[in-house]
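# Per-entry structural report
Given next are the chains, with one letter for each unit.
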Protein chains: 2
Amino acid sequence: MPALAPRQVSVDTRRTILDAALELFSERSFDGASTRAIAELAGVTQPLLNYHFAGKEELWRATVDDLFERFRSSMQARFSGLRGVDDVTIAKLMVRHFVEFSAANPQLHRILMQESKRASSRLDWLVETHVRPLYENAIAMFDRLATSGDLAPIPPAHLYYLVTGAGASVFVMAPECQRLTGVDPFAPEFVAAHADLVVDLLIRATTKESP
Amino acid sequence: MPALAPRQVSVDTRRTILDAALELFSERSFDGASTRAIAELAGVTQPLLNYHFAGKEELWRATVDDLFERFRSSMQARFSGLRGVDDVTIAKLMVRHFVEFSAANPQLHRILMQESKRASSRLDWLVETHVRPLYENAIAMFDRLATSGDLAPIPPAHLYYLVTGAGASVFVMAPECQRLTGVDPFAPEFVAAHADLVVDLLIRATTKESP
DNA sequence: AATGGACCTGATCGTTCGATAAGTTTCTAC
DNA sequence: GTAGAAACTTATCGAACGATCAGGTCCATT
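Keep in mind it's a predicted model, so treat the numbers as computed, not measured. (Residues numbered from 1 in each chain as written. Chains lettered and ligands numbered in written order. Predicted model: local features only at pLDDT ≥ 70, side-chain atom pairs only at ≥ 80, totals over all residues. Heavy atoms only, no water.)

Looking now at the pattern of salt bridges. Close approach of charged atoms lets side chains of opposite charge pair. According to the stated counting rule, one finds eight salt bridges over all chains in the structure shown. For the salt bridge of arginine 15 of chain B with aspartate 19 of chain B, the shortest nitrogen-to-oxygen distance reads 3.0 Å. A residue pair is termed a helical-turn pair when its members lie 3 or 4 positions apart in one helix, as arginine 15 of chain B and aspartate 19 of chain B do in helix α1 (residues 13–32) at four residues. Exposure remark for arginine 15 of chain B: the relative accessible area of 35% places this residue in the partly exposed category. Its relative accessible area of 40% is what places aspartate 19 of chain B among the partly exposed residues. With a closest N to O distance of 3.9 Å, aspartate 66 of chain B and arginine 70 of chain B form a salt bridge. Here aspartate 66 of chain B pairs with arginine 70 of chain B, and both are found in helix α4 (residues 56–79), just four residues apart, close to one helical turn. Judged by its relative accessible area of 31%, arginine 70 of chain B is partly exposed. Each of Arg15, Asp19, Asp66 and Arg70 of chain A takes part in a single network of salt bridges with overlapping partners. (Salt bridge = Lys/Arg side-chain N within 4 Å of Asp/Glu carboxyl O. Helix = DSSP H or I, 4+ residues; strand = E, 2+ residues; numbered from the N terminus. Buried < 20%, exposed > 50% of the residue type's maximum accessible area, 1.4 Å probe, protein only.)

Below, the structure is given as structure tokens:
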């Protein structure tokens, strides 16, 4: 063919590129995903990425920004209508939402794990921009639970591991789980059952013993 | 200088290369760690890697083989002398050992996480060669506990997540933990305390309620 | 003292990477 | 209907990648 008809006024090209970038960054990690492969998946040419984004690093940040923005807005949509619900229930719902969003968007965990397991300036940015706010929300929540007397207080460092670990551990080994147990870890019924199990585990482990 | 005096009969050059490879593979992941950088860290020239190993992929496998071999032998050394200890205690010790080894060898988790979060032929090899045997050991252990009546039985898929997640979650977020809480997640006293906490969490969550 | 092989290096191969420069097409504004 | 900005492409850059090859150095053997 001589030349593809250049589609104009397509303002959603940026969207298409972001989707392709999320797919490949999460599958092959930053270094493994070439800009040419991303462009091909998006159905555009490679230099167009540099037209819409300042560079590969900038494309990666925009991709992560977009992903976390979707997570926050889904969280907002689910919890903004809640009124008169006790903190324990909210905590349960938050973990469940985290697990369910992870099941629907496995790219979040892939990128988080890949990037948190290497030393790079991208990690600094990711933690400060996206992880810290989530962490501080969770800490505040559990602090409130502890002072209200429902849960036994846990030192912040341990709490950090329990909160992030309880949610994150669910899909850390997702592909291996499928292979070893034959269960599809993204099946809705499994997601719901395991979310309940993780919540119970967390609550039971921190619930004060009855005297 | 004209040329470095070529040291001969150095049979531990292979060892030096493996150490450098483990360091960089875990820090920058497979694609991010160039063979030239590995060679430089090892203090040799880049073509020497191809002399000792068939290629980059082969070097990676040899590195992972070596790492898991160290894990297995440390496990062996710790548990081979145990006699007359009940299964619950052994389970506690296993998780504790896993956590402690992870603290001393953070590269294990880095490589496991990086590689399990991408689609590659290396993942297939890693799971079948190293992860599956560990998994089947753990399943057998908890099966024995369940049939002996101490723990409530859990479906294998959930058990898989709980076993791997309880151990793995500890260091999934290690660098962020340091940054956010100010606690060094590799300090011995923290490792010991958190291992106990994880074990308690796992045991309490699966211990049968007294009627 | 000569030889063969193990160990290691310098030079360089072809490929692929991210980035850019220059040119083309399409829509909008007047 | 023509000018100009916006959107997109083709062609190509220099750098870095993994791999190979032709040698060079040292030691063990005889």
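A few words now on the environment of leucine 24 of chain B. Residues and elements named next belong to chain B. You can see leucine 24 is positioned in helix α1. According to the relative accessible area criterion, leucine 24 is buried, its value standing at 5%. With 83 residues separating them along the chain, leucine 24 and glutamine 107 place their C-alpha atoms 9.3 Å apart. When sequence neighbours within four positions are dropped, the list of residues in contact with leucine 24 reads Ser29, Ala33, Ala37, Ile38 and Leu41. (Contact = heavy atoms within 4.5 Å.)

It is characteristic of soluble globular proteins that their nonpolar side chains tend to be buried jointly. The biggest cluster of nonpolar side chains holds 31 residues, and the ones touching the most others in it are Phe25, Ile38, Leu59 and Trp60 of chain A. Residue contributions to this core peak at nine residues, all from helix α4 (residues 56–79) of chain A. Sequence-distant contacts of phenylalanine 25 of chain A, that is, excluding residues within four places in its chain, are made with Phe30, Ala33, Ile38, Lys56, Leu59, Trp60, Thr63, Ile111 and Gln114 of chain A. Counting 30 residues, the second largest nonpolar core, distinct from the first, contains Ala20, Ala39, Phe101 and Trp125 of chain B. (Core = buried A, V, L, I, M, F, W, Y, C linked by side-chain atoms within 4.5 Å.)

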